[in-house]
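These are the residues of each chain, in order.
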Amino acid sequence: MTLHPQIEFWVALVSSLVTVVILGVNIVYVIKFRESVDIQRKTSQGAILLTMNNQFFYTEPHKRIIRCLEEGKSLRTKAANVTDEDLDDHIGMLDTIGTFVRAGIVDKKLVYELFSHYIESTYEAPEVADYIKQLHVRDSSLFSDFEWIYHEMKKS
């Protein structure tokens, strides 16, 4: 059984219009979904950076190490009281920041604004360089993301 040619035309036209509307709705859905994912990513990134910021600037040993570096004091004096474990914690925090940037979890520009000065001053401190050299004798991959983020911050 065949339909009248005019009916076939209208059926094809309506079918095409429905397809276009469905396609349009799907495009809008994809755009909204991407916007939602972007908002969630930024929110998560903000939470991570806020947590790291609070830990880095308001807890020991980071406060003590930052203070020594800012004042140009040696980290290895009795007064500074910075142990290898303290250095390991401090560099480890900056290494984690580097890992997060390298993996795309946090934005390099945000890290630059919040931490670049401290990444650079820590990396450039002679005691830190000596400590990392000692560690690299056993395992040259230790703190590789700290070294990577230092070089990324210097480029910016």
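In this report, the structure presented in the accompanying data block is examined. (Residues numbered from 1 in each chain as written. Predicted model: local features only at pLDDT ≥ 70, side-chain atom pairs only at ≥ 80, totals over all residues. Heavy atoms only, no water.)

### A closer look at helix α3 (residues 84-102)
For α3, spanning 19 residues, the distance from its first C-alpha to its last is 26 Å, which sits close to the expected 27 Å at 1.5 Å a residue. When we look at burial in α3, the residues that qualify are Asp 86, Leu 87, His 90, Ile 91, Gly 92, Met 93, Leu 94, Asp 95, Ile 97, Gly 98 and Val 101. Count one or two residues on from α3 and you reach Gly 104, which has phi positive near 80°. (Helix = DSSP H or I, 4+ residues; strand = E, 2+ residues; numbered from the N terminus. Expected span 1.5 Å × (residues − 1). Buried < 20%, exposed > 50% of the residue type's maximum accessible area, 1.4 Å probe, protein only.)

### Considering the nonpolar core
Ranked by internal contacts, the top residues of the largest apolar core, which has 31 residues, are Leu 75, Val 111, Phe 115, Ile 119, Val 128 and Phe 146. The leading source of residues in this core is α3, at six residues. Apart from residues lying up to four places away in sequence, Phe 146 is in contact with Ile 91, Leu 94, Asp 95, Ile 119, Thr 122, Tyr 123, Val 128 and Ile 132. (Core = buried A, V, L, I, M, F, W, Y, C linked by side-chain atoms within 4.5 Å. Contact = heavy atoms within 4.5 Å.)

### Side note on unusual backbone geometry
Cis geometry is adopted by the peptide bond preceding Pro 61, which originates at Glu 60 and carries an omega value of 5°. Topologically, Pro 61 is positioned in the loop between α1 (5-58) and α2 (62-71). Positive phi, normally seen in glycine, also occurs at Phe 143, with a value near 60°. Using a relative accessible area of 10% as the deciding quantity, one classes Phe 143 as buried.

### Some thoughts on the packing of helix α4 (residues 108-124) against helix α6 (residues 144-155)
Angle between the axes and distance between the axes: these two values describe a pair of packed helices. At a closest axis distance of 9 Å, the pairing of α4 and α6 adopts a crossing angle of 110°. If you check the angle between α4 and α6, you find them roughly perpendicular. The element α4 and its partner α6 pack so that their crossing is left-handed. Residues Lys 108, Val 111, Tyr 112, Ser 116, Ile 119, Glu 120, Thr 122, Tyr 123 and Glu 124 of α4 form the contact with α6, whose participating residues are Phe 146, Glu 147, Ile 149, Tyr 150, His 151, Glu 152, Met 153 and Lys 154. Classifying every residue of the contact of α4 with α6 gives eight nonpolar, three polar and six charged. (Axes fitted to C-alpha atoms, helices over the stretch in contact; angles between N-to-C directions. Parallel < 35°, antiparallel > 145°, perpendicular 65-115°, else oblique. Left-handed = near helix turned anticlockwise from the far one by under 90°. Nonpolar A, V, L, I, M, F, W, Y, C, P; charged D, E, K, R; others polar.)

### Regarding a nonpolar patch on the surface
Taken together, the side chains of Phe 9, Trp 10, Leu 13 and Leu 17 present a nonpolar region at the surface, about 430 Å² in accessible area. Topologically, Phe 9 is positioned in helix α1. (Patch = residues over 30% accessible without salt bridge, like charges linked within 9 Å, V, L, I, M, F, W, Y side chains within 5 Å. Areas by Shrake-Rupley, 256 points an atom, 1.4 Å probe, with all protein chains shown as cover. Salt bridge = Lys/Arg side-chain N within 4 Å of Asp/Glu carboxyl O.)

### Focus on the packing of aromatic side chains
Going through the model one piece at a time under the given rule, you end up with nine aromatic pairs. Ring centres of Phe 56 and Phe 57 lie 5.0 Å apart, and the angle between their planes is 85°; on these two criteria the pair is classed as edge-to-face. Accessibility classification places Phe 56 together with Phe 57 in one group, the buried group. Taking the centre distance of 3.8 Å and the plane angle of 15° together, the rings of Tyr 123 and Tyr 150 count as stacked. Linking Tyr 123 in helix α4 with Tyr 150 in helix α6, this pair joins segments that are 27 residues apart in sequence. Through pairs of rings, three or more aromatic residues link up here, namely Phe 56, Phe 57, Phe 115 and Tyr 118. (Phe/Tyr/Trp six-rings, centres within 6.5 Å; stacked < 30°, edge-to-face > 60°.)

### Comments concerning the environment of Val 111
Within the secondary structure, Val 111 is located in helix α4. Given the relative accessible area of 0%, Val 111 is considered buried. Linking Val 111 and Gly 98, residues 13 residues apart in sequence, is a C-alpha distance of 8.9 Å. What Val 111 contacts, discounting residues up to four positions off in sequence, is Leu 49, Ile 97, Val 101, Val 106, Ser 116, Ile 119, Ile 149 and Met 153.

### Here we look at the pattern of salt bridges
Tallied over the full model, the rule gives ten salt bridges. Notably, a salt bridge pairs Glu 35 with Lys 32, separated by 3.7 Å at the nearest N-O pair. Linking Glu 35 with Lys 32, this pair stays in helix α1, spanning three residues, or about one helical turn. Glu 35 gets classed as partly exposed once you look at its relative accessible area, which sits at 41%. For the salt bridge of Lys 108 with Glu 152, the shortest nitrogen-to-oxygen distance reads 2.8 Å. Here Lys 108 is found in helix α4, whereas its partner Glu 152 is found in helix α6, with 44 residues between them in sequence.

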